[in-house]
Amino acid sequence: MKNNLKLLRLLFRSSPLYCCGYCLNALLLSLPQYLVSVLFLKYILDAVTAGKPPLSLLPFLAAVGALLVLSDLYSCYFTQVWEPKAKEKLEMMFYNKLYTVSSGISLSYYDDPEFYSEYMFVQQNIMETVGKVMNGVAQIIAGTVNVILILRLFGQIGAALFAFALLSAILTLLFQLKGAKLNHQKKVALVPLQRKRGYFFQVFFERDAAKDRKLSEVDSKLRNEYHNSVLKLKEETKRVGFPLAIVQFLTEEIPTNLLLNFGLMVFMVYEIAVERKLTIGDFTASFNGVNTVTGTMGMLFASIAQMSETGFDLGKYFHFLSLGAKNEGTKPMLPKPQKLKFEDVSFTYPNTDKLVLDHLNLEIGPSEKIAIVGENGAGKSTLASVLMGFYQPTEGKITVAGVPQTECHMKQYQQSFGAFFQKETPISAKVAENVALDVTYDALRVRESLAQSDLEELIGKEEQMIGREFDHSGLLLSGGQNAKLMIAHCCYHQKPYYVFDEPSAALDPISEYELNRQLASLSKDSTVIFITHRLSTVQMADRILVMDKGRIVEDGTHAQLLAVQQSKYANLWNLQAQYYSQEE
């Protein structure tokens, strides 16, 4: 219940009127059950039995009718006007909290399949869970009022009837608590399998994947994997569903069929035929009242049981939010590039023992241009990711002007880097928004940035959409234009540090030359780290680092490293010499 109360405080602070209106709606919806099926029938039957004239019933009928109409009017307005608007506001609040945390946590969390499954569980279930909690609280309030009203009736007729209702409701609660626990276990067990099935389903309809499916036999592989994932999902559903079926059967059979439908009827027939204690009005009101109070108390206890389940689900949500509440540094970043230093830095990815960075030591001077080369898996991209704060070192530390990375204001620290990765794709937004990566932007700076990145063809089209997800007339850019758009973004936001990770991997030699020229011009006053396999890029660097198995094994200028016989760099260069000539 602790997590439920925490959520309710959050909801009430965000939308107090909506919370009150929700509970009022539930109360008004539950009143007709008492008014019509219990009080109304008893009043009419007792009046007829007593021989009262029909006209004397009109005021009572009019009052009940007016109350029902007003409650229906309010319910229609609430569900069709008020609630949809409030839900949008709440959804935005909850997902904003998730987004804030997800944008701030280390990427190592995403590399953990168990964490990622829980993250997807939270994403997919949080609003449903919020709805269940709101509904549970409202049902508890409405049910409590109904039970109090019906108990007054039982006080006039007999406590034995209440015993039937209470016993039935208690048994229902016990079974439902067990069902809630099993249902939570079922959802947790199915999330990884549903995520896997969803992945294959998504690939079937992705634009980029469609090319590979047309040109290869991967389609049959995907279909088989999808089929297997569905089979596993069915098996797991059967495994966890069987205990739930037993609990559901017991819930419906013992409290409802055995106690109420059979036991209560036998007792009431005995009271009428043998004891002659009940009038026709009493019988009708009592029978309906017991069913009503049993249903109401069952609803009360079901709400309690459901909130037991939502407590488990909310525990995951609040745990995820707590990841963003860890103490972070507060020292601001300086606007100009400073000395960067790796001090005995080691790093391993989650759930592995392999050192991707192995006791690495490195100094990078202000505005220095560094090229990092090496074979695949040498640790080049990991070094850049750790430097940018995507991951925290397993051992050692990184400093900026002598200040440990962990003491820096992490948001400012990360935003002091401009980055260009191997596969950059624009977002489905306006050209200007892609340049600024913001919904507000300086139109003049956007045009200047497009001109600096040789994208004159997009000048005048700043308000057009890129991609056709939301606009059938959106612009479709080539690979070279995508790369230049990222350069335009870097031009718009001048950063003290840049990391270029294989930016020219998909470009032809001429486009690669132009890209390197633009990057060099853009970053002349910044610290730059080039990560590349194509060694035409490295000649513009002040220093070249050769990595192997997480260590820096060679460090020097292009000429210095070529002069070392049998050096790794010389071997790499000679392999590409047929494509690139050395500039003396």
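Residues numbered from 1 in each chain as written. Predicted model: local features only at pLDDT ≥ 70, side-chain atom pairs only at ≥ 80, totals over all residues. Heavy atoms only, no water.

1. Digging into the overall build of the protein
Inference 1: On a plain count of helices and strands, the protein comes out with 16 helices and 10 strands.
Inference 2: For the protein, with 584 residues in total, the buried portion stands at 44%.
Inference 3: Sequence separation of 24 or more characterises 76% of the internal contacts of the protein that already satisfy a separation of 6 or more.
Inference 4: In the form shown here, the protein has an accessible surface area of approximately 30900 Å², with 59% of it arising from carbon and sulfur atoms. (Helix = DSSP H or I, 4+ residues; strand = E, 2+ residues; numbered from the N terminus. Buried < 20%, exposed > 50% of the residue type's maximum accessible area, 1.4 Å probe, protein only. Contact = heavy atoms within 4.5 Å. Areas by Shrake-Rupley, 256 points an atom, 1.4 Å probe, with all protein chains shown as cover.)

2. A closer look at the environment of Leu334
Inference 1: Of note, Leu334 is situated in the loop between helix H8 (280-322) and strand E1 (340-347).
Inference 2: Sequence separation of Leu334 and Pro496 is 162 residues, and the distance between their C-alpha atoms is 8.8 Å.

3. Observations concerning the packing of helix H1 (residues 2-14) against helix H3 (residues 58-104)
A packed helix pair is summarised by two numbers, namely the angle formed by the two axes and the spacing between the axes.
Inference 1: The interhelical angle for the contact between H1 and H3, taken along N-to-C directions, is 125 degrees, at an axis separation of 11 Å. As the angle between them shows, H1 and H3 are arranged oblique. Viewed along their axes, H1 and H3 form a crossing whose handedness is right-handed. Residues Leu7, Leu10, Leu11 and Ser14 of H1 pack against Lys89, Leu90, Met93, Phe94 and Lys97 of H3. (Axes fitted to C-alpha atoms, helices over the stretch in contact; angles between N-to-C directions. Parallel < 35°, antiparallel > 145°, perpendicular 65-115°, else oblique. Left-handed = near helix turned anticlockwise from the far one by under 90°.)

4. Quick word on the sheet that holds strand E8 (residues 527-531)
Inference 1: The strand order across the open sheet formed by six strands is E6-E7-E8-E3-E9-E10, and the pairing between neighbours is mixed. Taken across any chain shown, the strands that pair with only one partner, and hence form the sheet edges, are strand E6 (417-420) and strand E10 (551-556). Averaged over all neighbouring strand pairs, the angle between strand axes comes to 20 degrees, with direction disregarded.
Inference 2: Relative to strand E9 (residues 543-548), strand E3 (residues 369-374) is paired through five bridges, and the arrangement is parallel. Looking at the pairing, Gly374 lines up with Met547 of E9. (Pairing = 2+ DSSP bridges.)

5. Quick look at the nonpolar core
Inference 1: If you look at the biggest cluster of nonpolar residues, it comprises 35 residues, and the most contacted ones within it are Leu7, Leu11, Phe94, Tyr317 and Phe320.
Inference 2: Listing elements by their share of this core, those giving two or more residues are H1, helix H2 (16-49), H3, helix H4 (113-157) and H8.
Inference 3: The greatest single-element share of this core, amounting to 10 residues, is contributed by H4.
Inference 4: Those residues within four positions of Leu7 in sequence are excluded, and the remaining contacts are Phe94, Val130, Val133, Leu314 and Phe318.
Inference 5: Listed in part, the 32 residues of the second largest apolar core include Met333, Ile364, Val400 and Met410. (Core = buried A, V, L, I, M, F, W, Y, C linked by side-chain atoms within 4.5 Å.)

6. Looking at empty space enclosed by the protein
Inference 1: Under the definition given, this model contains two cavities of 30 Å³ or more.
Inference 2: Lining the largest cavity we find Phe115, Glu118, Tyr119, Val122, Lys316, His319 and Phe320.
Inference 3: Of all the secondary-structure elements, those providing two or more residues to the lining of the largest cavity are H4 and H8.
Inference 4: The leading source of residues in the lining of the largest cavity is H4, at four residues.
Inference 5: The space that makes up the second largest cavity amounts to roughly 40 Å³.
Inference 6: What lines the second largest cavity is Phe121, Val122, Asn125, Ile126, Thr129, Asp313 and Tyr317. (1 Å grid on protein atoms, 1.4 Å probe; cavity = no way out; pocket = protein on both sides within 12 Å on 5 of 7 lines; lining within 4 Å. Points joined across faces, edges and corners; volume = space filled by probe spheres on them.)

7. Details of unusual backbone geometry
Inference 1: Backbone geometry places Asn351, a non-glycine residue, at a positive phi of 65 degrees.
Inference 2: Residue position: Asn351 is located in the loop between E1 and strand E2 (357-364).
Inference 3: One non-glycine residue, Lys549, adopts positive backbone phi at about 55 degrees.

8. Considering the side chain of Thr527
Inference 1: Residue placement: Thr527 occurs in strand E8.
Inference 2: Residue contacts for Thr527: discarding those within four places in its chain leaves Pro337, Gln338, Leu340, Ile364, Gly365, Pro366, Ser367, Glu368, Pro496, Tyr497 and Tyr498.

9. Some thoughts on the sheet that holds E1
Inference 1: Strands sit in the order E2-E1-E4-E5 across an open sheet of four strands; the sheet is antiparallel. Among the strands making up the open sheet, the edge pair consists of E2 and strand E5 (403-404).
Inference 2: Here strand E4 (residues 395-400) runs beside E5; their pairing, made up of two bridges, is antiparallel. What sits directly across from Val400, in E5, is Val403.

10. So, a nonpolar patch on the surface
Inference 1: Together, Leu55, Leu58 and Leu61 make up an exposed nonpolar region whose accessible area comes to about 290 Å².
Inference 2: Here Leu58 is to be found in helix H3.
Inference 3: Residue class for Leu58 comes out partly exposed when judged on its relative accessible area of 47%. (Patch = residues over 30% accessible without salt bridge, like charges linked within 9 Å, V, L, I, M, F, W, Y side chains within 5 Å. Salt bridge = Lys/Arg side-chain N within 4 Å of Asp/Glu carboxyl O.)

11. Observations regarding the pairing of E8
Inference 1: The buried fraction of E8 is high, at five of five residues.
Inference 2: Burial along E8 is two-sided: Thr527, Ile529 and Ile531 and Val528 and Phe530, pointing in opposite directions, are all buried.
Inference 3: Note that E3 and E8 share four bridges and pair parallel. Note on E8: the bridge partner recorded for Ala371 is Phe530.
Inference 4: Note: strand E7 (residues 497-501) against E8, five bridges, orientation parallel. Each residue of the ladder has a partner; that of Asp501, found in E8, is Ile531.

12. Side note on a positive patch on the surface
Inference 1: On the surface, a cluster of positive charge is made up of Lys2, Lys6, Arg9, Arg13 and Lys97.
Inference 2: The biggest single contributor to the positive patch is H1, with four residues.
Inference 3: Looking at where Lys2 falls in the secondary structure, it is placed in helix H1.
Inference 4: Owing to a relative accessible area of 72%, Lys2 belongs among the exposed residues under this scheme. (Lys, Arg positive; Asp, Glu negative; His and termini not counted. Charge placed at Lys NZ, Arg CZ, Asp CG, Glu CD.)

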